[in-house]
Amino acid sequence: MTTAIVVHGGAGAWGEVPERLTRAMPACIAAAQAGQAILLAGGSALDAVETAVNILENEPVLDAGRGSYPNANGEIEMDALIMDGSDLNLGAVAAVTRVQNPISLARKVLEHPNHNFLVGAGAEAFADQIGFPRCEVADLLTDENLLHYHNHKNTTANEAHGDTVGAVAIDSNGNIATATSTGGTRHKLPGRVGDSPLVGSGGYADNWTAAVSATGHGEALMKIIISKRVCDLVGDGLSAQAACDAAIQMLAERVQGTGGLIAVDARGQVGVARNTNAMPYAYAIDDKPIVSGK
Ligand code: GLY
């Protein structure tokens with residue numbers, strides 16, 4: 001059975017500080033390599049996407065975990081979603097603070113017997129209840145993002161370099177999974193939640209079709225439930241690549257949105273599409289060398 005993992009470091013303008021894109025690429029490659037190692041050792045797609053996203057969350061140049069964009073109050077609120085395509089089980093968190101790896105908190109929610117989605121103070125209380133590692137806001141806020149916040153806090157500019165990180169994978173048992181994690185948009189209102197933690201928008205995984213992770217302007221992406229749409233198109237017979245291309249075209253035409261998608265289908269075929277300037281990504285199929293691009 002083919003194994004595959006695809007990761008992205010966020011679709012966006014990436015033009016403000018070109019050096020950031022140069023720094024994002026090795027993180028994507030490292031994340032794909034870590035996921036590939038898990039898959040080749042017989043590990044699960046769910047473990048592979050969680051580990052890959054942890055690496056991306058820990059890279060300060062990317063808008064997730066450490067490096068998340070501050071909101072309009074200079075605070076950090078993060079969203080994440082993880083989904084297991086074998087049983088459609090999912091875990092999501094929204095508006096969480098003081099957590100270095102929100103995707104791993106989402107994984108704990110996935111493992112909860114009764115709940116799928118926890119937000120804000122409730123998600124924080126759950127983290128404390130289960131002894132989940134906490135951090136300080138200062139550990140998440142980079143000097144670069146803090147400076148940008150202070151220079152632009154009286155403007156409405158929210159043009160982002162990038163946005164969100166994600167991973168999709170298929171393992172040697174044919175199980176597929178997705179994980180998406182984000183600090184959200186720059187200058188967002190406190191309490192604003194984007195597409196990333198919303199099942200079907202920020203991600204979707206179903207062994208019968210595909211696993212998808214989305215990135216870009218959340219308010220547009222959620223309107224067309226873009227990740228589920230890609231899965232449905234694969235179910236209709238499109239390749240993962242053709243389905244991603246069609247969904248990005250619809251994003252532009254139907255809601256004038258910008259963003260990017262990664263996907264892997266149930267046969268291990270990969271799709272990558274965007275209509276932004278750039279989206280750093282990397283993927284690995286079986287034990288073949290990593291392919292990367294932007
Ligand atoms: N795509 C991430 C967000 O809009 O929050």
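Our structure's up above, just so we're on the same page.
Bear in mind the structure is a predicted one, so any value in this text is a computation, not a measurement. (Residues numbered from 1 in each chain as written. Predicted model: local features only at pLDDT ≥ 70, side-chain atom pairs only at ≥ 80, totals over all residues. Heavy atoms only, no water.)

Visitor: I'd love a proper account of the nonpolar core, names of residues and values included.
Guide: One finds Ile5, Val7, Leu56, Leu62, Ile82, Val93 and Leu105 to be the most contacted residues of the largest nonpolar core, which totals 48 residues. Setting aside residues no more than four positions away along its own chain, leucine 105 makes contact with Val93, Val96, Val99, Ala123, Phe126, Ala127, Ile130 and Phe132. Ranked by size, the runner-up nonpolar core spans 39 residues in total, among them Val6, Ala220, Cys231 and Val234. (Core = buried A, V, L, I, M, F, W, Y, C linked by side-chain atoms within 4.5 Å. Buried < 20%, exposed > 50% of the residue type's maximum accessible area, 1.4 Å probe, protein only. Contact = heavy atoms within 4.5 Å.)

Visitor: Report on the sheet that holds strand E9 (residues 259-265), specifying residues and quantitative values.
Guide: Spatially, the four strands line up as an open sheet ordered E7-E8-E9-E10, and their pairing is antiparallel. Either end of the sheet is taken by a strand with one partner, and the two such strands are strand E7 (203-205) and strand E10 (270-274). On average, each strand axis in the sheet is inclined to that of its neighbour by 5°, with strand direction left out of account. As defined by bridge partners, E9 adjoins E10 across five bridges and the pair is classed as antiparallel. Bridge pairing in E10 places leucine 261 opposite alanine 273. On top of the sheet, helix H8 (residues 226-235) reaches E7, strand E8 (210-216) and E9; it is set at about 145° to E8, its chief contact. Contacts from helix H9 (residues 240-255) reach E9 and E10, with the element oriented near 20° to E10. (Pairing = 2+ DSSP bridges. Helix = DSSP H or I, 4+ residues; strand = E, 2+ residues; numbered from the N terminus. Axes fitted to C-alpha atoms, helices over the stretch in contact; angles between N-to-C directions.)

Visitor: Tell me what's going on with the site of the ligand, and back it up with residues and numbers.
Guide: All residues in the neighbourhood of the ligand are listed as Asp163, Thr164, Thr182, Gly184, Thr185, Arg192, Gly194, Asp195, Ser196, Gly216 and Gly218. The separation between an oxygen atom of the ligand and a polar side-chain atom of arginine 192 is 2.6 Å. Within the backbone of glycine 216, a nitrogen or oxygen atom sits 2.7 Å from a nitrogen atom of the ligand. Expressed as a share of its isolated accessible area of 190 Å², the protein-covered part of the ligand is 100%. (Near = heavy atom within 4 Å. Polar contact = N/O pair within 3.5 Å; in protein donor to acceptor, adjacent residues only side chain to side chain. Areas by Shrake-Rupley, 256 points an atom, 1.4 Å probe, with all protein chains shown as cover.)

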